Amino acid sequence: MHFILRLLFVLGLGALSVACAPRVVTPPPVEVPPPVIAPQSCYDALTQLGAKFEPRQSMPRNAQGCFIDEPVMLEQATIPLSRPALMTCPLAQALAAFERDVVQPAARRHFNRPVAQIVHYGAYVCRAQTGRNDRLSEHGMGRAFDIGGFELAGNIRISVKDHWRERGPRGAFLREVAQGACRHFNMVLTPKTDAAHHDHLHLDIGRWARCDA
Ligand SMILES: [Zn+2]
């Protein structure tokens, strides 16, 4: 009897929450444990992947709470970056695997040619999360990377800002790349997330899991 009453109560609550829910329901982020990788093995793995980078000094936690452990100044993981970016070695490693397994196959499928450059808006930046001043962004620990677009051989330019919603191959490529990114990064934010992400894909290996592809 108790069980049935409890079931009815739960069902009632469920119906109530469905009735009150906003039309777009975004699942709350899920906390995931940080990766544990010894720096030297990460540098070795990066080199083996064909990356171009310089190891840099770790930066201790500053007054804003930002820090970066065992960073690299990355010129390319496997695809040249529009400018070098400072990030943790595990993020560079995730980027290399993502390029190899997701970005290049999608480029070949949709355009029959490889991506020649990744246009980005930075990795390490000491700041709070967009819209929340109380929580440090994963950028503040060098664990996040913002991709604005891709340049393919033959001067084909694809930008998140202009092509995310396009119905042609550029839009299909970007949406497929974002979906594939969810297999390589813990959090993937896109123009679907909010206005702050209208022009880039935010990819991070931080503490929270979310896939807005
Ligand atoms: Zn970002």
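Placed above this text is the structure.
Now for a look at the structure at hand.

Analysis parameters
- Residues numbered from 1 in each chain as written.
- Predicted model: local features only at pLDDT ≥ 70, side-chain atom pairs only at ≥ 80, totals over all residues.
- Heavy atoms only, no water.
- Core = buried A, V, L, I, M, F, W, Y, C linked by side-chain atoms within 4.5 Å.
- Buried < 20%, exposed > 50% of the residue type's maximum accessible area, 1.4 Å probe, protein only.
- Contact = heavy atoms within 4.5 Å.
- Axes fitted to C-alpha atoms, helices over the stretch in contact; angles between N-to-C directions.
- Helix = DSSP H or I, 4+ residues; strand = E, 2+ residues; numbered from the N terminus.
- Parallel < 35°, antiparallel > 145°, perpendicular 65-115°, else oblique.
- Left-handed = near helix turned anticlockwise from the far one by under 90°.
- Nonpolar A, V, L, I, M, F, W, Y, C, P; charged D, E, K, R; others polar.
- Donors = N, O, S within 2.8 Å, 3.2 Å for Na, K, Ca; no water.
- Tetrahedral: all angles 85-135°; square planar, octahedral: opposite > 155°, others 65-115°.

Comments concerning the nonpolar core
Link 1 in the chain: The biggest cluster of nonpolar side chains holds 45 residues, and the ones touching the most others in it are L74, M87, F98, F145, F150, F173 and F185.
Link 2 in the chain: Among residues more than four places away in sequence, those in contact with F185 are L91, A94, L95, F98, L203, D204 and I205.

Comments concerning the packing of helix α2 (residues 39-48) against helix α3 (residues 89-111)
Link 1 in the chain: In the contact formed by α2 and α3, the axes pass within 9 Å of each other and the chain directions differ by 30 degrees. When the interaxial angle is binned, α2 and α3 end up roughly parallel. α2 and α3 meet at a crossing whose hand is left-handed. Note on element contacts: α3 touches α2 through C89, P90, A92 and Q93, opposite C42, Y43, A45 and L46.
Link 2 in the chain: Of the residues belonging to the contact of α2 with α3, the class tally is 7 nonpolar, 1 polar and no charged.

Examining the coordination of the zinc ion
Ideal donor angles around a metal are set by the shape: a four-donor tetrahedron calls for 109.5 degrees, a six-donor octahedron for 90 or 180 degrees.
Link 1 in the chain: Every protein donor of the zinc ion is listed here as H139 (NE2), D146 (OD), D146 (OD) and H202 (ND1), and their distances to the metal cover 2.0 to 2.8 Å.
Link 2 in the chain: Coordination at the zinc ion is irregular, judged from the 4 donor atoms that bind it and the angles of 51 to 159 degrees they form at the metal.
Link 3 in the chain: All donors of the zinc ion come from a single chain, and their spacing in sequence reads H-x6-D-x55-H. Placement of the pair is H139 in the loop between β5 (115-120) and β6 (144-152) and H202 in strand β9 (residues 201-204), with a sequence separation of 63 residues. There is no split in this pair, since H139 and H202 are both buried.

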